[in-house]
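# Secondary and tertiary structure notes
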Amino acid sequence: MSADLQAWADTFGRRAGGLPGAGVPWLAEARRQALDRFMSEGWPTPRIEAWRHTSLAPLAAAAFEDGGAQSVAERIAALKAAETGHWLVFVDGAFDADLSDAGALPGGATVLPLSQAWSEHAEAIRCAYGDAADGHSTSALNLALASDGAWIHLARGVAVEQPIHLVCAAASPRAAHFLRHLIQAEAGSQATVVEHYVGVPDAANFRHAATRLRLDQDARITHLKLQQESGQAWHLGDIDATQGRGSMFTSHSVSLGARLARHDIATHFADERCETLLNGLYYVDQRRHVDHHTLIGHEKPHCVSHESYRGIMADAAHGVFTGRILVAPGADGTDAIQRNDSLLLSRLAKSDARPELEIYADDVKCAHGATVGRLDADSLFYLRSRGLDEVHARDILIYAFAAASVAKIESEPLRRRVEQAVRALLPGGAALEEAA
């Protein structure tokens, strides 16, 4: 056994007894099976097709330890002051009751940390939790070591008007922690869930977050993931949704931080007339790397999916998009559109895009495409002819490219927060912020 794998076995040995639900027999067995799978398969490598463009070798070689935590209270307070909603805050993988404020929820809506939900919702959690065979080996490591997360359950017809915010903060500069969020929406229920990942400056921490959603008939869930961790951090994340008849799932993935970020996003249509929107925006500079890997399973007839991801790569950064739309036999009436657009800001920046359509049904309307390019010379000339210098003209075009993705976020407060986060990173962001 390699030393890096043994380190994770040792971590499991230290943590397993203190994890929430440690006394639940089925969960203890699931965690053991998940660890066994990870130890058997190890870290994914580029020899695996789904990881062809993303190497985890530097992550596998890194060492992580607890300690040295810094206060994140001020940053959490700033987030809460800027927006309304229901707040669960997790610091270094553990629920922080002092920083959280779930507020007044409508009857039939349950929003709890998993560490508190086990006592009253154990059977429902078991049905939603997943098992060791799900996803990649990294997903198994998450199941084995997940220390906490959110349990969100919406009863039939319940609508939560304000967003449910799950703020996941890394306070220790070299710690590794794992979160598991479970979202169950019964028939006709509605909510917006925001996952916000932040860290302390220059922290080289590792975080893996798994989010599992089930949407019953006519449920509507909007999910926004905003990843703003340190440029030295590692972030792996899974989002897996199952949709019932007539449900609507909207996913916005905004990845702006981490030296390496990998987002696996999948939704499966378990009944007819489902709809989904997968929308993504990512920005990487220096030598950072971001990878979005998506799957939309059109398994039933008359379902609609629209997918659009935009990436901006500067310096020697690398952006990866792999999107697969699978139309199963009998899924007639499918309407699926997929697109990935990448903007390269330097000669060394790199983009790999692989949109995929796999169709086994007739009477479908499907399209996919990808573009990789630089700023449009004609548009640049037009702006300069209107009196802008080259620097400001470039900045406006870069922001306009990003804004096409941000505009798809319907909630004005959430859209404004993402706009501010994007402007803070892009070239000329200060001037754009002032103009806004």
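Residues numbered from 1 in each chain as written. Predicted model: local features only at pLDDT ≥ 70, side-chain atom pairs only at ≥ 80, totals over all residues. Heavy atoms only, no water.

Looking at an unreviewed UniProt entry, one finds the protein named Fe-S cluster assembly protein SufD and attributed to Castellaniella ginsengisoli. What UniProt records for the protein under Sequence similarities (unreviewed entry) is the sentence "Belongs to the iron-sulfur cluster assembly SufBD family." (UniProt positions renumbered as here; feature names shortened; annotations may be inferred.)

### A word on the overall build of the protein
Within the protein one finds 10 helices and 19 strands. The C-alpha atoms of the protein give a radius of gyration of 21 Å, which matches the 22 Å a tight globule of 436 residues would have. Counting only C-alpha atoms, the protein reaches 70 × 55 × 50 Å along its principal axes. Taken over 436 residues, the protein has a buried fraction of 54%. Sequence separation of 24 or more characterises 82% of the internal contacts of the protein that already satisfy a separation of 6 or more. Total accessible area on the protein stands at roughly 17800 Å², and carbon and sulfur atoms take up 49% of it. Here the protein contributes 41 positively and 55 negatively charged side chains, and the mean placements of these two sets differ by 3 Å. (Helix = DSSP H or I, 4+ residues; strand = E, 2+ residues; numbered from the N terminus. Rg over C-alpha atoms; globule rule 2.2 N^0.38 Å. Buried < 20%, exposed > 50% of the residue type's maximum accessible area, 1.4 Å probe, protein only. Contact = heavy atoms within 4.5 Å. Areas by Shrake-Rupley, 256 points an atom, 1.4 Å probe, with all protein chains shown as cover. Lys, Arg positive; Asp, Glu negative; His and termini not counted. Charge placed at Lys NZ, Arg CZ, Asp CG, Glu CD.)

### Observations regarding helix α8 (residues 390-406)
If you check α8, its first and last C-alpha atoms are 24 Å apart, about what 17 residues at 1.5 Å a residue would give, namely 24 Å. Those residues of α8 lying buried are Ala393, Asp395, Leu397, Ile398, Tyr399, Phe401, Ala402, Ser405 and Val406. (Expected span 1.5 Å × (residues − 1).)

### Comments concerning the sheet that holds strand β10 (residues 234-243)
Read from one edge to the other, the open sheet built from nine strands follows the order β3-β4-β6-β8-β10-β12-β14-β16-β18, with strand pairing classed as mixed. Each end of this open sheet is capped by a strand with a single partner; those strands are β3 (109-113) and β18 (350-359). Ignoring which end each strand starts from, the neighbouring axes of this sheet average 5° apart. As defined by bridge partners, strand β6 (residues 176-185) adjoins strand β8 (residues 206-215) across 10 bridges and the pair is classed as parallel. Among the inter-strand pairings, histidine 181 is bridged to a residue of β8, identified as threonine 211. Here helix α1 (residues 3-15) sits on the sheet and contacts β6 and β8; the angle it forms with β6, its principal contact strand, is near 65°. In this fold helix α6 (residues 137-145) packs onto β6, β8 and β10, with an angle of close to 90° to the strand it touches most, β6. (Pairing = 2+ DSSP bridges. Axes fitted to C-alpha atoms, helices over the stretch in contact; angles between N-to-C directions.)

### As for the pairing of strand β9 (residues 220-228)
As judged from the nine bridges shared by strand β7 (residues 190-199) and β9, these two strands associate in the parallel manner. Each residue of the ladder has a partner; that of threonine 192, found in β9, is threonine 222. Relative to strand β11 (residues 248-255), β9 runs parallel, the two sharing eight bridges. Note that in β11 the partner of histidine 223 across the bridge is serine 251.

### Here's the deal with the nonpolar core
Core analysis: the biggest nonpolar cluster contains 48 residues, and Ile152, Leu154, Ile164, Leu213, Ile221 and Phe249 have the highest contact counts within it. When residues no more than four places from it in sequence are discounted, the contact partners of isoleucine 221 are Leu154, Ala185, Ala191, Leu213, Leu215, Met248, Phe249 and Thr250. (Core = buried A, V, L, I, M, F, W, Y, C linked by side-chain atoms within 4.5 Å.)

### Considerations on the pattern of salt bridges
By the definition in use, this model includes 20 salt bridges. Of the charged contacts in the structure, one is a salt bridge between arginine 262 and aspartate 264, with a shortest N-O distance of 2.8 Å. Accessibility expressed as a relative area gives 1% for arginine 262, which makes it buried. Given a relative accessible area of 12%, aspartate 264 falls into the buried group. (Salt bridge = Lys/Arg side-chain N within 4 Å of Asp/Glu carboxyl O.)

### A few points about unusual backbone geometry
Unusually for a residue other than glycine, alanine 258 sits at a positive phi of about 80°. Inspection of the secondary structure puts alanine 258 in the loop between β11 and β12 (260-269).

### A few points about the sheet that holds β9
Taken in spatial order, the 10 strands line up as β2-β1-β5-β7-β9-β11-β13-β15-β17-β19 in an open sheet, and their pairing is mixed. In this open sheet, the two strands that pair with only one neighbour each are β2 (94-95) and β19 (365-373). Where strand β15 (residues 304-313) meets strand β17 (residues 335-344), 10 bridges bridge the pair, whose relative direction is parallel. Across the sheet, tyrosine 309 pairs through a bridge with asparagine 340, a residue of β17.

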